[in-house]
Amino acid sequence: MQNSVYQFDGGKVIIRLRGRICETPDELLNSELFLLVLKRCLRDLARRESKLLRIFANQSFSEENTDLLIRALQYLDKLPADMVIRVLPESAQLFKDRLLFNDFVEYLYNYWRNQQRFIVCEQEGESLDKRPYRTFTDTVERLTHLVRGIYRDVQENITNTHPRIYRQVRSGAEVATIALPKQIPLPGKGYAQLLPISVIRQVLIYPPLIFTPPMNKRTGMFERVYYNPLDRMSLNKEDYVCYPAKVGPLVVMVYFHTHFFELGFSLCNLFELADDADLQRQPDAVYVFGAPESAFEDPEKFPTIFYDDQENDMLVAAVPARDAFGYFGYLKKMILTLHNIRMMKLGRLPYHGALFNVDIRGKRPHTVLVMGDTGAGKSEMIDALQSIAGDDLRDMLIIADDMGSLDIDPQGRIVGYGTETGAFVRLDDLQPGYAFGQIDRTIIMNAHLVNARVVLPVTTFDHLIRGYPIDYVLYANNYDEVTGDKPIIERFQNVNQALDVFRKGAVMSKGTTSSQGLVETYFANIFGPPQYQELHEILAQKYFEQFFKRNLFVGQIRTRLGIVGMERQGPWEAAKALLTNIKEFNGR
């Protein structure tokens, strides 16, 4: 791995590949990276006073012993143990307990595999993005086969046996990317420091990926500030890569720090990657996820910030490189905040909710918008609807899982758009078996904790930007019991009644943020509307009046997801009621 740079960050190994990758076992075992991994592994064993260090005569890993171990492994890749002892007599100490030595090799192999492993291919001057499949084959696939092959040959030569069961685990990188410098048309001054940072052009992942980021919930709002955080920071290009995300019709350049690599690369399951044509115009926003502390005027009080650079028609956001912000929600929701602000400036009404098109046998397709805060039961109800509809469901298309925008077309129709091609949803609230049915495409985060999440693709970019005329606008009420005067689906009679419910934005918290109990949030959307409330109020009044003018079904649906004991039955019954309503509703 000549001229490459290696970075270790917590449980991550990042290989910035700027030359060819190792092609032979000798090259890999003689590489700087192998030596670094081996030393870190030995230090970990010493810290734990592990018996595995007894492979050394004095139970220590001096430089001399480490060198002896590497030479022994090189021979073991080719020769059985007895022959290795003959050609390298000083290695006999390693073989005095062959079972122990074999256990050490197993531990070293698993130590490597337990790291989150990333390869960034960034050879300058080469058109790697013009032949991505070959690039990935020549790097990730080669490294996988090389590491796994060495492991198997060494163990077989130590034990003089062959395994009867072979498990083809991922032994190379879990994530690889082709990332190259691009001449992005950014404004001057503080923006110039972003230009040397490599921009992702292709990504290769091996799902299912299981990540354990430091946090499992988000807290607070994103605050608007009146200074450009880029003017207060100095970025090292070695510490970042850029994911150019297509967020609906917008392009947001997301510069994420190595400390948050597992979160940054998870964007590939959520947002479409911008193509070369997209990068020829000035982006709509830039976001530094993992910014230095100097970027923040008051990093303790206002650590999650954005700036509206009206002079350059650009939005700029920043979040510190601290474990406290190591949660995917800080990445996703800030990006969507920038989207929502931009949409309001363009005259569109942003929404926090799910938008889907349902095609029921014997009826025309209906497009349903369900607004509501995190944990209101939107995704759970959609999952249930797909199961309940059975053979009556010809097709269901997810247009937006979390956020999007509404526009009024020249015919006066309300048209809905999405932002994400994927979903970031609670694992516990999915229908049984659903996540496992999609596991071959899934990124799983903090599976052992409350609010375990999955990131998985749910739609295509073409569908989310196509624009679908809306039939239903519903508020997801997860806290009301269903009674005679509070049906599962309630239709509002006028604009003011509807605005009262939507504006209040009430939800029973499900523990996905730091909020507890029944909370109210302006339009169930802290991601832009409260920061630009005056503009949003004008848009909301205009659009809700148009909802009623076009005879859309405007109301609320009681999912009861926030009521103890109704976590599954509530969304299920809500989906059943919605299906019945769609079959009966004539609509616009």
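These figures come from a predicted structure and were not determined experimentally. (Residues numbered from 1 in each chain as written. Predicted model: local features only at pLDDT ≥ 70, side-chain atom pairs only at ≥ 80, totals over all residues. Heavy atoms only, no water.)

A. A look at the overall build of the protein chain. Helix and strand counts for the protein chain come out as 14 helices and 27 strands. Here the C-alpha atoms of the protein chain give a radius of gyration of 27 Å, agreeing with the 25 Å that 2.2 N^0.38 yields for 588 residues. Each of the three principal axes of the protein chain carries a C-alpha extent, and together these read 90 × 55 × 45 Å. Residue burial in the protein chain is summarised as follows: out of 588 residues, 59% are buried. Of the contacts made within the protein chain by residues no fewer than 6 positions apart, 77% connect residues no fewer than 24 positions apart. Total accessible area computed for the protein chain in this model is approximately 23,800 Å², and 48% of it derives from carbon and sulfur atoms. (Helix = DSSP H or I, 4+ residues; strand = E, 2+ residues; numbered from the N terminus. Rg over C-alpha atoms; globule rule 2.2 N^0.38 Å. Buried < 20%, exposed > 50% of the residue type's maximum accessible area, 1.4 Å probe, protein only. Contact = heavy atoms within 4.5 Å. Areas by Shrake-Rupley, 256 points an atom, 1.4 Å probe, with all protein chains shown as cover.)

B. Inspection of helix H3 (residues 63-76) at higher detail. In this model, H3 (14 residues) spans 20 Å end to end at C-alpha, consistent with the 20 Å of a helix rising 1.5 Å per residue. When H3 is considered as a whole, its buried residues turn out to be Asn65, Thr66, Leu68, Leu69, Ile70, Ala72, Leu73, Gln74 and Leu76. (Expected span 1.5 Å × (residues − 1).)

C. Highlighting unusual backbone geometry. The omega torsion across proline 207 and proline 208 is 0°, close enough to zero to call that bond cis. As for its position among the elements, proline 208 is in the loop between strand S5 (199-205) and strand S6 (209-211). One non-glycine residue with positive phi stands out, namely lysine 189, at about 55°. Mapped onto the elements, lysine 189 comes out in the loop between strand S4 (175-180) and S5.

D. Local environment of the pairing of strand S19 (residues 422-426). S19 sits mainly inside the fold: 5 of its 5 residues count as buried. Here S19 pairs with strand S21 (residues 453-457) via 5 bridges, running antiparallel. Counterpart to arginine 426 in the pairing with S21 is arginine 453. (Pairing = 2+ DSSP bridges.)

E. Quick look at the packing of aromatic side chains. Scanning all chains against the criterion turns up 22 aromatic pairs. Pairing phenylalanine 118 with phenylalanine 265 gives two aromatic rings, centres 5.7 Å apart and planes at 25°, and the pair type is stacked. Placement of phenylalanine 118 in strand S3 (residues 116-121) and of phenylalanine 265 in helix H7 (residues 261-265) is noted, with a sequence separation of 147 residues between them. On the basis of relative accessible area, phenylalanine 265 is assigned to the buried category, the value being 2%. Relative to phenylalanine 502, the ring of phenylalanine 492 has its centre 6.4 Å away and its plane inclined at 75°; by these criteria the two rings are edge-to-face. Of the two residues, phenylalanine 492 is situated in the loop between strand S24 (489-491) and helix H12 (495-504) and phenylalanine 502 in helix H12; the sequence distance between them amounts to 10 residues. For phenylalanine 492, a relative accessible area of 3% puts it in the buried group. (Phe/Tyr/Trp six-rings, centres within 6.5 Å; stacked < 30°, edge-to-face > 60°.)

F. Molecular detail of the pairing of strand S16 (residues 393-400). S16 sits mainly inside the fold: 6 of its 8 residues count as buried. Note that strand S14 (residues 349-360) and S16 share 6 bridges and pair antiparallel. Residue leucine 355 lies in a different strand from S16, and its bridge partner there is alanine 400.

G. Region of interest: the packing of helix H9 (residues 378-389) against helix H14 (residues 569-584). Two elements in contact, H9 and H14, have axes whose closest approach is 8 Å; the angle formed by their N-to-C orientations is 60°. Considering the angle they form, H9 stands oblique to H14. The two elements H9 and H14 meet at a crossing, and its hand is right-handed. Counting all contacts with H9, which are made through Glu380, Met381, Ala384, Leu385, Ser387, Ile388 and Ala389, the residues of H14 involved are Pro571, Trp572, Ala574, Ala575, Lys576, Leu578 and Leu579. Residue classes in the contact of H9 with H14 are distributed as 11 nonpolar, 1 polar and 2 charged. (Axes fitted to C-alpha atoms, helices over the stretch in contact; angles between N-to-C directions. Parallel < 35°, antiparallel > 145°, perpendicular 65-115°, else oblique. Left-handed = near helix turned anticlockwise from the far one by under 90°. Nonpolar A, V, L, I, M, F, W, Y, C, P; charged D, E, K, R; others polar.)

H. Main features of the sheet that holds strand S20 (residues 443-445). With respect to topology, 4 strands assemble into an open sheet ordered S6-S20-S21-S19, the strand pairing being mixed. Looking at which strands have only one partner, the edges of the open sheet turn out to be S6 and S19. Sheet twist, expressed as the average angle between the axes of neighbouring strands with direction ignored, equals 20°.

I. Looking closely at the environment of glycine 290. Mapped onto the fold, glycine 290 is located in strand S11 (residues 285-291). Between the alpha carbons of glycine 290 and alanine 321 there is a distance of 3.6 Å; along the sequence they are 31 residues apart.

J. Here's a closer look at helix H13 (residues 533-549). In this model, H13 (17 residues) spans 24 Å end to end at C-alpha, consistent with the 24 Å of a helix rising 1.5 Å per residue. Buried within H13 we find His536, Leu539, Ala540, Tyr543, Phe544, Gln546 and Phe547. Down the axis of H13, the buried side of the element spans an arc of 155°, and every buried residue falls inside it. Summarising the geometry of H13, the exposed residues directed more than 90 degrees from the buried face are Glu534, Ile538 and Lys549. Of the residues trailing H13, asparagine 551 is marked for its positive phi of about 60°. (Arc of directions from axis to C-beta.)

K. Geometry of the packing of H12 against H13. Running from N to C, H12 and H13 point in directions that differ by 130°, and their axes come no closer than 10 Å. Here H12 lies oblique to H13, going by the angle between them. As H12 packs across H13, the resulting crossing turns out to be right-handed. Between H12 and H13, the contacting residues are Val495, Ala498, Leu499, Phe502 and Arg503 on the first element and Glu537, Ala540, Gln541, Phe544, Glu545 and Phe548 on the second. Of the residues assigned to the contact of H12 with H13, the class counts are 7 nonpolar, 1 polar and 3 charged.

L. Representation of the side chain of serine 91 in the model. As for its position among the elements, serine 91 is in the loop between helix H4 (81-87) and helix H5 (98-113). A polar contact is formed between the side chain of serine 91 and the backbone oxygen of leucine 88, at a distance of 2.6 Å. Once residues lying within four places of it in the same chain are set aside, the contact partners of serine 91 are Leu68, Ala72, Val84 and Ile85. (Polar contact = N/O pair within 3.5 Å; in protein donor to acceptor, adjacent residues only side chain to side chain.)

M. Main features of the pattern of salt bridges. Counting across every chain of the model gives 38 salt bridges. Among the ionic pairs, aspartate 284 bridges to arginine 342, the shortest N-O distance being 3.2 Å. Of this pair, aspartate 284 sits in the loop between strand S10 (272-273) and S11 while arginine 342 sits in helix H8 (residues 328-345); the two residues are 58 residues apart in sequence, bridging distant segments of the chain. Per residue, the accessibility class of aspartate 284 equals that of arginine 342, and both read buried. When the shortest N-O distance is used, the salt bridge between lysine 486 and aspartate 480 registers 3.7 Å. Look at aspartate 480 and you get buried, because its relative accessible area is 14%. (Salt bridge = Lys/Arg side-chain N within 4 Å of Asp/Glu carboxyl O.)

N. Structural view of the environment of asparagine 216. Tracing the chain through its elements places asparagine 216 in the loop between S6 and strand S7 (223-225). For the pair formed by asparagine 216 and alanine 447, sequence separation is 231 residues and the distance between their alpha carbons is 9.8 Å. When residues no more than four places from it in sequence are discounted, the contact partners of asparagine 216 are Tyr327, Asn446, Leu449, Val450 and Asn451. Within the local environment of asparagine 216, its side chain forms a polar contact with the backbone oxygen of valine 450, the two atoms lying 2.5 Å apart.

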